[in-house]
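Residues per chain are reported as follows:
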Amino acid sequence: MYKYQSAYRSFHSTETALNHVLNTIRSGVDVGNVAMLVLLDLSAAFDTLDHSKILKRLELEYGLSGNVLNWFLSYLTDRSQAVIVRKSFSISASLSCGVPQGSVLGPILFCMFTKPLGKLLTQHDMNHHFYADDSQIIDFCHPDTTSQNQACSSMEKCVTDVKSWMDRNMLKLNSDKTEILLVGPPRRLQNCTVNHLEIEQSSIVFKTSVRNLGLIMDSNLSMESHVSSLCKTCSYHLRNIGSIRHLITEDAASTRCLILSRLDYCNSALNGITKEQSQRLQRIQNKAARIVCKTNPRDHISPVLTSLHWLRINERIEFKLLCLTYQAVNGTYLNELIHHHSSSKNLRSNEKSLLTVPNYNLKTFGARTFQYSAAVSWNNLPIHLKKCPSLSTFKTSLKTYLFRRYV
């Protein structure tokens, strides 16, 4: 069975975490396997962390002591909460567990507390990715009955051990809301006979699609479900904004038009979507631009987008992908997925800051991995963009470059 180096991911942006997960799944499927993705659901994860256990772990596993440990002690202890209903206050109750939600330190403390969970999953030889309290376990198997049964048995034992660890550490794994997705090409999935996992007394049935960090993933990773849901949500908001457009200014409409933020959310994961899906999203953006500028639906959209300085959907996806690639090239989170091209001979290509483009088997999976798509897009950039000294400079120059490409 093809295995990948497991990785413990603590606290990075949602987009980089999703790209890492998708890259792992697509790479495994590209070599002939079927991927099993398990999304663990924790009930009130941040509210159940025991303060004494956190402090002990910080001292023993991370070597904190003295004033530093006392700072964490002061931060976590002597907290209380009360419920307010209109003008009525409940009795204040002291908190012996939990980390403050909405803080930067809260998710970091949670990740530090659950670090041993990563070691447990490594012992089970499972690929895993953590993003705050979102835990994802990935395993691969061949699409034959024997391999499927072995993979299900291994996953059941792994999740059971995870649940036992969480019970010992006052965390609640909600088996009823834990989701499982089997990923692979349609023909390969037809040969899969397993459709559920047995975790203690709970039977978890495989889903046809799951929501992972805000991205809807289907069993073929076609992103069709995500695009359909995105178009439906954006259309709803556009109708509401359009009904009051005559009452607000263009600047207010552009601000209230919460469409671009939705279209841009984790859009690098949409790299390689079909032309039809891209056109559906482009029609949403066109409609938003017409509402902002009060343009007649029969007028050509290009001058409207130009006046707003909005990149088109395909360019927006490429923009986000290249920004992540720039960060990876300069040593951040996804840098382990890219490899710089080099030659023992003194060739001109050595001066172009090229990335190695990996080989792939399936166009729908291998060609849509971050490793492949990032390398191809990066290699097509002019050298002056690759040499930008900072991310902010790179973003400004890249947007100008992509904007001029279609104007």
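Computed from a predicted model, the values in this text were never measured in an experiment.

Enquirer: Quick one: what's the story with the sheet that holds strand E10 (residues 179-183), residue by residue and with numbers?
Expert: Strands sit in the order E7-E8-E1-E10 across an open sheet of four strands; the sheet is antiparallel. Of all the strands in the sheet, just strand E7 (127-131) and E10 have a single pairing partner and so form its edges. Adjacent strand axes in the sheet meet at a mean angle of 15°, parallel and antiparallel pairs treated alike. Bridge count for E7 against strand E8 (residues 134-141) is five bridges, and the pairing is antiparallel. In the strand pairing of E8, Tyr131 is matched with Asp134. Sitting on the sheet, helix H1 (residues 14-30) touches strand E1 (34-40), E7, E8 and E10, and the angle it makes with E8 is about 10°. Those strands touched by helix H6 (residues 145-168) are E1 and E8, and its axis lies near 155° from that of E8.

Enquirer: Give a description of the packing of aromatic side chains that names residues and reports values.
Expert: What characterises a pair of aromatic rings is the spacing of the ring centres plus the angle enclosed by the ring planes. For the coordinates displayed, the defined rule picks out five aromatic pairs. Measuring from ring centre to ring centre gives 5.2 Å for Phe46 and Phe110, while their planes differ by 45°; the resulting arrangement is tilted. Taken together, the residues span a long stretch of sequence, with Phe46 in the loop between strand E2 (42-43) and helix H2 (51-60) and Phe110 in helix H4 (residues 105-113) at a distance of 64 residues. Overall, Phe46 belongs to the buried group, its relative accessible area being 13%. Residue Phe110 is classed as buried on the basis of its relative accessible area, which comes to 2%. Each ring, one from Tyr326 and one from Phe394, has its centre 4.5 Å from the other, and the planes form 15°; the classification is stacked. You can see Tyr326 sitting in helix H13 (residues 313-329) and its partner Phe394 sitting in helix H16 (residues 391-406), a full 68 residues away along the chain.

Enquirer: Quick one: what's the story with the packing of helix H11 (residues 275-293) against H13, residue by residue and with numbers?
Expert: One way to put it is that H11 packs onto H13 with a least axis distance of 9 Å and a crossing angle of 105°. The angle between the axes of H11 and H13 places the two elements in the roughly perpendicular class. Each of Ser278, Leu281, Gln282 and Gln285 in H11 lies in contact with H13, whose residues at this interface are Ile313, Asn314 and Arg316. A per-class count over the contact of H11 with H13 returns two nonpolar, four polar and one charged.

Enquirer: Explain H11 to me, and be specific about the residues and the numbers.
Expert: Counted at 1.5 Å a residue, the expected span for H11 with its 19 residues is 27 Å, and the 26 Å between its end C-alpha atoms agrees. Within the sequence span of H11, burial applies to Gln277, Ser278, Leu281, Gln282, Ile284, Gln285, Asn286, Ala288, Ala289, Arg290, Ile291 and Val292. One or two steps after H11, the chain reaches Lys294, where phi turns positive at roughly 55°.

Enquirer: Just give me the short version of the side chain of Thr178, but keep the residues and values in it.
Expert: Locating Thr178 in the fold gives a position in the loop between strand E9 (172-173) and E10. Here Thr178 falls in the buried class, since its relative accessible area comes to 5%. Within polar-contact distance, the side chain of Thr178 engages the backbone nitrogen of Asp41 at 3.4 Å. When sequence neighbours within four positions are dropped, the list of residues in contact with Thr178 reads Val38, Leu39, Leu40, Asp41, Leu173 and Ile204.

Enquirer: Describe helix H3 (residues 66-76), and please don't skip the residues or the numbers.
Expert: Three or more residues of H3 are buried, namely Leu69, Phe72 and Leu76. Here the buried residues of H3 occupy an arc of 55° about the axis, which is enough to place them on one side. Relative to its buried face, H3 has exposed residues pointing more than 90 degrees away, namely Asn67, Trp71 and Ser74. Among the structural elements, H2, strand E3 (79-81) and H4 are those in contact with the buried residues of H3. Backbone geometry just downstream of H3 places Asp78 in the positive-phi region, at approximately 60°.

Enquirer: Please give an account of the pairing of strand E11 (residues 196-199) that cites residues and values.
Expert: Burial along E11 is one-sided: the residues Leu197 and Ile199 are buried and none of His196 and Glu198 is. Here E11 pairs with strand E12 (residues 202-205) via four bridges, running antiparallel. Paired with His196 across the bridge in E12 is Val205.

Enquirer: Just give me the short version of the nonpolar core, but keep the residues and values in it.
Expert: Core analysis: the largest hydrophobic core is formed by 48 residues, its most contacted members being Ile25, Val183, Met217, Ile259, Leu263, Leu281 and Trp310. Setting aside its immediate chain neighbours within four residues, Val183 contacts Ile25, Val29, Val34, Ala35, Leu189, Asp218, Ser219, Leu221 and Phe365. Within the second largest apolar cluster, 47 residues are counted, among which are Leu40, Leu69, Val159 and Leu171.

Enquirer: Describe the environment of Arg290, with residues and values.
Expert: Mapped onto the secondary structure, Arg290 falls in helix H11. Once residues within four sequence positions are removed from consideration, Arg290 is found in contact with Thr295, Asn296, Pro297, Asp299, Ile301 and Val304.

Enquirer: Please provide a residue-by-residue account of the environment of Thr295, values included.
Expert: Mapped onto the secondary structure, Thr295 falls in the loop between H11 and helix H12 (302-308). Classification of Thr295 by relative accessible area gives buried; the value is 18%. As a C-alpha pair, Thr295 and Ile54 span 241 residues in sequence and 57 Å in three-dimensional space. Discounting residues that sit within four places of it in the chain, Thr295 has contacts with Arg290 and Val304.

Enquirer: Run through the confidence of the model for the protein, naming residues and quoting values.
Expert: Per-residue pLDDT for the protein averages 88, and the proportion of residues at 70 or more is 94%. Note on residues 1-12: pLDDT is under 50 here. Beyond four places in sequence and across chains, it has 43 contacts.

Enquirer: For the packing of helix H5 (residues 115-123) against H6, give the residues involved together with the corresponding values.
Expert: In the contact formed by H5 and H6, the axes pass within 10 Å of each other and the chain directions differ by 155°. Judged by the inter-axis angle, H5 sits roughly antiparallel to H6. Here the hand of the crossing between H5 and H6 comes out right-handed. Two secondary-structure elements touch here, H5 through Pro116, Leu117, Leu120 and Leu121 and H6 through Cys158, Asp161, Val162, Trp165 and Met166. Each residue belonging to the contact of H5 with H6 can be placed in one class, and the counts come to eight nonpolar, no polar and one charged.

Procedures and definitions
- Residues numbered from 1 in each chain as written.
- Predicted model: local features only at pLDDT ≥ 70, side-chain atom pairs only at ≥ 80, totals over all residues.
- Heavy atoms only, no water.
- Pairing = 2+ DSSP bridges.
- Helix = DSSP H or I, 4+ residues; strand = E, 2+ residues; numbered from the N terminus.
- Axes fitted to C-alpha atoms, helices over the stretch in contact; angles between N-to-C directions.
- Contact = heavy atoms within 4.5 Å.
- Phe/Tyr/Trp six-rings, centres within 6.5 Å; stacked < 30°, edge-to-face > 60°.
- Buried < 20%, exposed > 50% of the residue type's maximum accessible area, 1.4 Å probe, protein only.
- Parallel < 35°, antiparallel > 145°, perpendicular 65-115°, else oblique.
- Nonpolar A, V, L, I, M, F, W, Y, C, P; charged D, E, K, R; others polar.
- Expected span 1.5 Å × (residues − 1).
- Polar contact = N/O pair within 3.5 Å; in protein donor to acceptor, adjacent residues only side chain to side chain.
- Arc of directions from axis to C-beta.
- Core = buried A, V, L, I, M, F, W, Y, C linked by side-chain atoms within 4.5 Å.
- pLDDT = per-residue confidence, 0-100.
- Left-handed = near helix turned anticlockwise from the far one by under 90°.

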